[in-house]
Amino acid sequence: MNLKELISELKNKYRVLDEKFNDPNHTFVSIVPDQLHAALGELKSYGWKHLSTISCVDWIDDNEFELVYHLWNWDSRSQISLKTRISRSNPHFPTIMHIFPTAKYYERDIHEFFGVEFDGNSEMEPLFLEFWDDIPPMRKDFDPLKYSREKFGERDYKVPFADFIVEEGDQK
Amino acid sequence: MKEFELFFGPNHPGMHGNFSVHLRVDGDTVVKAKPVPGFLHRGFEKLMERRLWIQNLALIPRICVPEPDINEMVYAMAVEKIAGIEVPEKAHWIRTLILELGRIAAHLFSIGGIGGATGLYTFPYWATADRDSVLDIFEHISGARIYHMYIIIGGVRKDLPEGIDSLIRETMDYLESRIPEYIDLVMKNRIIQTRLRGKLVLTREMCEEMCITGVGLRATGVDYDIRKYDPYAAYEWVDFDIPVGEDGDAFTRGYLKLLEIQQSIRIIRQVLDKMPKKGPVNVKLPGNALKWRIPPGEAYAHVESSRGEYGYYVVSTGETTPYRVHVRGASYPQGLYGIEKYLPGTRIEDVPLWLGTMDVCPPEIDR
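I will try to describe carefully the structure that is included in this document. (Residues numbered from 1 in each chain as written. Chains lettered and ligands numbered in written order. Predicted model: local features only at pLDDT ≥ 70, side-chain atom pairs only at ≥ 80, totals over all residues.)

## Points about the overall build of chain A
Okay, so step 1: Helix and strand counts for chain A stand at four helices and seven strands.
Okay, so step 2: Taken from the N to the C terminus, the helices and strands of chain A come in the order α-β-β-α-β-β-β-β-α-β-α.
Okay, so step 3: For chain A, the C-alpha radius of gyration of 23 Å lies well beyond 16 Å, the compact-globule estimate for 172 residues.
Okay, so step 4: Taking the principal axes of its C-alpha atoms as reference, chain A extends roughly 85 × 35 × 30 Å.
Okay, so step 5: Burial analysis of chain A (172 residues in total) assigns 35% to the buried set.
Okay, so step 6: Considering only intrachain contacts with a sequence separation of at least 6, the fraction spanning at least 24 residues in chain A is 47%. (Helix = DSSP H or I, 4+ residues; strand = E, 2+ residues; numbered from the N terminus. Rg over C-alpha atoms; globule rule 2.2 N^0.38 Å. Buried ≥ 20, exposed ≤ 12 C-beta atoms within 10 Å, placed from the backbone. Contact = placed C-beta atoms within 7 Å.)

Next comes the structure, spelled out in structure tokens:
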């Protein structure tokens, strides 16, 4: 079964919102959130056993987060990225740890940088950022420049021995 | 016996890089292991959203210090996929050459690290000195030793300099002559045999559960390598083998890296033989590079780094900067989930071997 046939089979079973081929072996499939786990499980049974990573994209204008699950199949040498969108105002999504145990840390990463809660994933404490005290930093409405200005302030630089510095042209 | 907590890293002789593993130990046996990354978090993904497409080329090699070229390659591949750019043939060959040189340098660094963890200190000295000969080639080609910024969107920055052919061939001959010496010094050494054989054994099921790629997976008897399974650059046009091991232990992983260096030398020689002598090495994107707009779209590109699958997910909305770039560091699974799950039960002295032979690279985990 090639990738095109598989996608049409997925379309029969699940509510696929959109599909896009980058090339014959790499595709992106959008699916409704409540069917994502079933689709992931089914794809895993077909040989998409390798979860490359989980990405999150902040579509702030649509008030939505997009979760992208990148799967790779070593046998058919093809990649499917399953995408789903969740609300940005109260971002919750069930974990996929029971399908891919290694997702634990990817979900923790997304929780830290985007603030998405993964229900069922027990460990959600920060992984990278220590003493973080603002909104999750990868969100589009977080401005790193503003944050660092507020947090650290403008420093007053004084050049020691400034009087002794000879400007160009002053040399005589 | 009473359990103790041991902070293994970031300042520990057995730890390479800014990474820490918090261990709970019962005597010498690890009871619990908790990875603590974040010492090198520089916020690259956020920075990239605020930089132009061309500016990012100078930023991304810094994500992975020992093997920077893969970042440039995979970023270029993802953007080329979105924008539908066809790369000239010669650029594919040069990219292959750069990537394989980078692989040799990274492998030498990483197997040298095994010597540091086992007390065989001749090995890191030899490996680092030999890696330097590869860096010399990089300096001739790109002007830089570590961060080359040589592979760009649409090809490579410049053609290879004249006379580089003989330098590369000489270095490859030298490196090839060193491999039997490495086998004599290291692989047949009693210390290495005792400390690595049968240690930290992974089965294929464990690797599939962790979604590990690279040498860790290939040491369990499968030849999964993205260069063969999803070919990019010029890998389709060259002949090479994928070294595969059976035992899945630390020794096999170390040995496979040496064998991979041999294969890389083979690839580089073929590239030099088969590469077209003339032709363009890049396609210019239309307009001013400071105003490049990549058409809206998304792509996930991946390459085989020295540590496994290295991927970039790039989203463009047609602006002058990327909308989102997500980096899939090759050592993410073994460096976080693998440490937590499979280090308990091993001994303290096996912890640096896990980090060394499974290739845990902290900068690409932290990003």
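What follows picks up the thread again.
## Brief notes about the pairing of strand β4 (residues 64-73) of chain A
Residue and element names in this part refer to chain A.
Okay, so step 1: Of all ten residues that make up β4, eight are buried, and the element is covered over most of its length.
Okay, so step 2: Here strand β3 (residues 50-59) hands over to β4 after four residues, with N63 in that stretch at a positive phi of 55 degrees.
Okay, so step 3: Of the strand pairs in this sheet, β4 and strand β5 (residues 78-87) are connected by ten bridges, and their pairing is antiparallel. Residue pairing in the sheet places V68 in a bridge with K83 of β5.
Okay, so step 4: Taken together, β4 and the strand that follows it, β5, pair antiparallel across an intervening segment of four residues, in which R77 is found at a positive phi of about 55 degrees. (Pairing = 2+ DSSP bridges.)

## Points about the nonpolar core
Okay, so step 1: Grouped together as the largest cluster of nonpolar side chains are 144 residues, with contacts concentrated most on A:L82, B:V74, B:A78, B:V79, B:L101, B:Y312 and B:V314.
Okay, so step 2: Ranked by the residues each element gives to this core, the list is headed by helix α4 (residues 89-118) of chain B, at 15 residues.
Okay, so step 3: Leave out the neighbours within four places in its chain, and B:Y312 touches B:V74, B:Y75, B:A78, B:A301, B:V325 and B:V327. (Core = buried A, V, L, I, M, F, W, Y, C linked by C-beta atoms within 7 Å.)

## Here we look at helix α2 (residues 36-45) of chain A
Residue and element names in this part refer to chain A.
Okay, so step 1: Among all positions of α2, only L36, A39, L40 and L43 are buried. Relative to the axis of α2, the buried residues are bounded by an arc of 100 degrees and lie together on one face.
Okay, so step 2: Those residues of α2 that are buried lie in contact with α1 (3-13), β2 (26-31), β4 and β5.
Okay, so step 3: At the C-terminal side of α2, G47 shows a positive phi close to 120 degrees. (Arc of directions from axis to C-beta.)

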